[in-house]
Amino acid sequence: MTTSPASSLTPLTPDPSTRSWWRSAVVYQVYPRSFADSDGDGVGDLRGLTSRLGHLARLGVDVVWLSPIYPSPGSDNGYDISDYRAVDPALGTLADFDEMLAQAHGHGIRVILDLVVNHTSDEHPWFVESRSSRDSPKRGWYWWRPPRPGLAVGEPGAEPTNWESFFSGPTWTLDEATGEYYLHLFHAKQPDLNWENPEVRREVHAVMRWWLDRGVDGFRMDVINLISKDPALPDGPPNGRGALGDGFEHYGTGPRVHEFLQEMHREVFEGRGAELLTVGEMPGVTVEEAARFTDPARRELSMVFQFEHVSLDHGPAGKFDPVPLDLRDLKASLGRWQAGLADRGWNSLYLCNHDQPRAVSRFGDAQRWWRESATALATVLHLHRGTPFVYQGEELGMTNAPFASIASMRDVEAVRHHATAVALGQDPDVVWRGLLAMGRDHARTPMQWDGSPHAGFTTGEPWLEVNPNHAWLNAAAQYDDEASVFHHYRRLIELRHTLPVVVDGDFTMLVADHPTVYAFVRRLDDETLTVVANLSGAPEDVPEEVLEAGAGPGDMVLANYVEPGPTATLAPWEARVYRAAGAATR
Ligand code: TEU
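Analysis parameters
Residues numbered from 1 in each chain as written. Predicted model: local features only at pLDDT ≥ 70, side-chain atom pairs only at ≥ 80, totals over all residues. Heavy atoms only, no water. Helix = DSSP H or I, 4+ residues; strand = E, 2+ residues; numbered from the N terminus. Rg over C-alpha atoms; globule rule 2.2 N^0.38 Å. Contact = heavy atoms within 4.5 Å. Lys, Arg positive; Asp, Glu negative; His and termini not counted. Charge placed at Lys NZ, Arg CZ, Asp CG, Glu CD. Expected span 1.5 Å × (residues − 1). Buried < 20%, exposed > 50% of the residue type's maximum accessible area, 1.4 Å probe, protein only. Pairing = 2+ DSSP bridges. Polar contact = N/O pair within 3.5 Å; in protein donor to acceptor, adjacent residues only side chain to side chain. Near = heavy atom within 4 Å. Areas by Shrake-Rupley, 256 points an atom, 1.4 Å probe, with all protein chains shown as cover. Core = buried A, V, L, I, M, F, W, Y, C linked by side-chain atoms within 4.5 Å. Axes fitted to C-alpha atoms, helices over the stretch in contact; angles between N-to-C directions. Parallel < 35°, antiparallel > 145°, perpendicular 65-115°, else oblique. Left-handed = near helix turned anticlockwise from the far one by under 90°. Nonpolar A, V, L, I, M, F, W, Y, C, P; charged D, E, K, R; others polar. Salt bridge = Lys/Arg side-chain N within 4 Å of Asp/Glu carboxyl O. Domains from an automatic or database assignment. Buried area = accessible area lost by both parts, 1.4 Å probe.

1. Examining the overall build of the protein
Working step 1: Helix and strand counts for the protein come out as 16 helices and 20 strands.
Working step 2: Computed over its C-alpha atoms, the radius of gyration of the protein comes to 24 Å, within 12% of the 25 Å expected for a compact globule of 586 residues.
Working step 3: For the protein, restricting intrachain contacts to residue pairs at least 6 apart in sequence, the fraction spanning at least 24 positions comes to 70%.
Working step 4: Computing the positive centroid from 51 side-chain charges and the negative centroid from 82, the protein places the two 3 Å apart.

2. A short note on helix H6 (residues 257–269)
Working step 1: In this model, H6 (13 residues) spans 17 Å end to end at C-alpha, consistent with the 18 Å of a helix rising 1.5 Å per residue.
Working step 2: Here H6 has its buried residues at Val257, His258, Phe260, Leu261, Glu263, Met264, His265, Val268 and Phe269.
Working step 3: Downstream of H6 by a residue or two, Gly271 has a phi angle that is positive, lying close to 75°.

3. Here we look at the pairing of strand E13 (residues 387–391)
Working step 1: Among the five residues that make up E13, five are buried, leaving the element largely enclosed by the rest of the structure.
Working step 2: Neither face of E13 is exposed, since Thr387, Phe389 and Tyr391 on one face and Pro388 and Val390 on the opposite face are all buried.
Working step 3: Here three bridges tie strand E1 (residues 27–30) to E13, and the two strands are oriented parallel to one another. In the strand pairing of E13, Gln29 is matched with Tyr391.
Working step 4: Alignment of strand E12 (residues 348–349) against E13, held across two bridges, turns out to be parallel. Paired with Ser348 across the strands is Thr387, a residue of E13.

4. Section: the environment of Ser130
Working step 1: Assignment of secondary structure puts Ser130 in helix H4 (residues 125–132).
Working step 2: Here the alpha-carbon distance between Ser130 and Glu180, two residues 50 residues apart in the chain, equals 12 Å.
Working step 3: Setting aside residues no more than four positions away along its own chain, Ser130 makes contact with Ser136, Lys138, Arg139, Tyr142 and Trp144.
Working step 4: Separated by 2.9 Å, the side chains of Ser130 and Trp144 make a polar contact.

5. So, the site of the ligand
Working step 1: Taken together, 19 residues are adjacent to the ligand, and Asp76, Asp222, His354, Asp355 and Glu413 come closest.
Working step 2: One nitrogen or oxygen atom from the side chain of Glu413 is found 3.1 Å from an oxygen atom belonging to the ligand.
Working step 3: The separation between an oxygen atom of the ligand and a polar side-chain atom of Arg440 is 2.9 Å.
Working step 4: Compared with its free state, where it exposes 480 Å², the ligand has 94% of that area covered by protein.

6. Describing the nonpolar core
Working step 1: With 149 residues, the main nonpolar core has Leu66, Ile69, Phe97, Leu113, Trp211 and Phe219 as its most contacted residues.
Working step 2: Excluding residues that lie within four positions of it along the chain, Ile69 makes contacts with Pro32, Leu46, Ala86, Val87, Asp88, Leu91, Phe97, Leu113 and Trp211.
Working step 3: The next biggest cluster of nonpolar side chains, apart from the first, holds 15 residues, and it includes Leu174, Phe186, Leu226 and Tyr251.

7. Some points on the packing of H6 against helix H7 (residues 287–294)
Working step 1: Orientation of H6 relative to H7, taken along the N-to-C sense of each, is 25°, at an axis distance of 11 Å. Judged by the angle between their axes, H6 and H7 are roughly parallel. Handedness of the crossing formed by H6 with H7: right-handed. Two secondary-structure elements touch here, H6 through Val257, His258 and Leu261 and H7 through Glu289, Arg292 and Phe293.
Working step 2: Tallied by class, residues from the contact of H6 with H7 come to three nonpolar, one polar and two charged.

8. Observations regarding the pattern of salt bridges
Working step 1: Under the defined criterion, the tally for this structure stands at 37 salt bridges.
Working step 2: In this structure, Glu413 and Arg440 form a salt bridge, with 3.3 Å as the shortest nitrogen-oxygen distance. With Glu413 in helix H11 (residues 412–423) and Arg440 in the loop between helix H12 (428–438) and helix H13 (475–479), this residue pair connects regions lying 27 residues apart in the sequence. Take Glu413 and Arg440: they sit in the same class, and that class is buried.
Working step 3: Here the salt bridges share partners, and the residues they tie into one network are Asp76, Lys319, Asp355, Asp411, Glu413, Arg440 and Arg444.

9. Structural notes on the sheet that holds E13
Working step 1: If you trace the eight strands from one edge of the open sheet to the other, you get E9-E8-E7-E3-E2-E1-E13-E12, paired in parallel fashion. Pairing within the sheet leaves two strands with one partner each, and these edge strands are strand E9 (303–305) and E12.
Working step 2: By the bridge criterion, four bridges tie strand E2 (residues 63–66) to strand E3 (residues 110–115) in an arrangement that is parallel. Considered in E3, the bridge of Val63 is made with Arg110.

10. Digging into the environment of Gly179
Working step 1: With respect to the helices and strands, Gly179 occurs in the loop between strand E5 (172–175) and strand E6 (180–183).
Working step 2: Each C-alpha atom of the pair Gly179 and His487 lies 59 Å from the other, and the pair is 308 residues apart in sequence.
Working step 3: Ignoring any residue separated from it by four or fewer positions in sequence, one finds Gly179 in contact with Arg134, Pro147, Val153 and Leu174.

11. Regarding the domain arrangement of the protein
Working step 1: Domain annotation for the protein reports domain 1 (27–120 + 198–411) and domain 2 (502–585).
Working step 2: The interface of domain 1 with domain 2 comprises 23 residues on the first partner and 26 residues on the second.
Working step 3: Around 2,100 Å² of area is buried between domain 1 and domain 2 when both sides are counted, 69% of it from carbon and sulfur atoms.
Working step 4: For domain 1, the biggest contributors to the area lost against domain 2 are Leu327, Lys331 and Leu383; these three give 30% of the whole.
Working step 5: For the interface between domain 1 and domain 2, the tally reads zero salt bridges.
Working step 6: Across the domain 1-domain 2 interface, the total number found is eleven residue pairs in polar contact (both at pLDDT 80 or more).
Working step 7: Counting only elements with at least two residues in the side of domain 1 that touches domain 2, the list comes to helix H8 (327–340) and helix H10 (370–382).

Laid out in structure tokens, this is it:
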């Protein structure tokens, strides 16, 4: 674990002059409203985060990514911003932010902010002015269009395109006062900014510089591959839900997105001395496109969040129609991304975040093999080539929550999906089961600090129910247990900070067709790291290919079982990491 005074946030790589520091970093995502509440209003805040920085320092993470902290009406829990240069009063003040930043830097932890600039809140002054009249100077800051030719304002199907929103329903809402529709790929309270307009780009750059001047170390950019739309706004293919269609090909990684990001790099990132961490969240991005976005020579982004591996268990009707995940599909997907960015670009590595169910519930066995599966999954993910992201509570093995009904969920995506699906005649029980498996609220239940009421998250009434299993599943219960999920994550992070092969080693997938064993080799010079994990609830033999590759003769540098079994077999959800230096084992 590396802690350094604020003044010397030195890169962690051996050769800081030529390498990007974030290649050896581990990022921890904080969802502020659910992390730690300091004033008893039931909502997490910045002072609460500051009071818990010691937890992050003990874990050994290098960067904190804060989900949005700006003023917001909260229609999408802060991903609908109404003022880019302030802190939401529910989360604190700019002074609280400055204090948190100084203390994080004091721990040697960098801070990146979530930048949501594909859209604003409809309560942002920019949109209020834009909607005020067709002649508003800010009319061109958003996407406004008249009804589809031949149809009257408000007539069904009069929306300018047939695109369906990520949050159900059309992506256009009629503004009665001006008789035009405005575009919102997400909620109607999240109007899309018009990035074709240079005034918009200039103001976004100014906002970014304002935070960087305050000491921020970079940004995670929300759906940044959606900012360039096909200006012709064509319809997409019908998607079977009424008159709606899939417009993704017309706004996903659109015609000018690389131009906009290279302009952002020139206008905001260059000439800042210390290298920034910039992470582009990119629904639907392909590995080929990601290589272009993250190729350092193109001066766009450090890395991207891709969605391929977290869409493998989506059924024919999408995310809320989950199907069992075949491990071979996961290995093929992650292996493809390892190969695709091996020589150009860089991977981010994640299994959960504020938009995904809890990893141990989704990919592991939270009932029978909770600790073993949480730590096995972490071992596999963290030893891939790329920058790992730990979502708050993942380091404790936090699980999905036992929500009783849609009434106990808060997420706009879930609430709208439930209403839309039931209105379309789908079986409410089936709809609910999909939400209970894949709803985003699972990741937003309050952080479980201890076994006290509300898990030590708040002294008030939490904004979202605390998972009852906090009674035993909490940070305090794990700090003194060296075999805990927390300490396994700490050891994984330590491994990344001490073994160059973890950061710079190549990647070779092994036994790609094995249905339950996940194994791969990392090699750097004459050093070999062999990772093997049994991602099932039944004992498995270690495949011969894996034994030969290095699972066995080398030193076992990490195991998730306190008493690892015999070399040739793996217990349920058992993971091991072997290191062989000197003559390559194969
Ligand atoms: O998420 C974009 C996104 O693709 C996810 O919302 C995902 O598609 C969604 O959960 C449906 O499966 C970003 C933020 O991470 C998310 O929290 C916001 O709701 C969204 O953008 C709009 O800002």
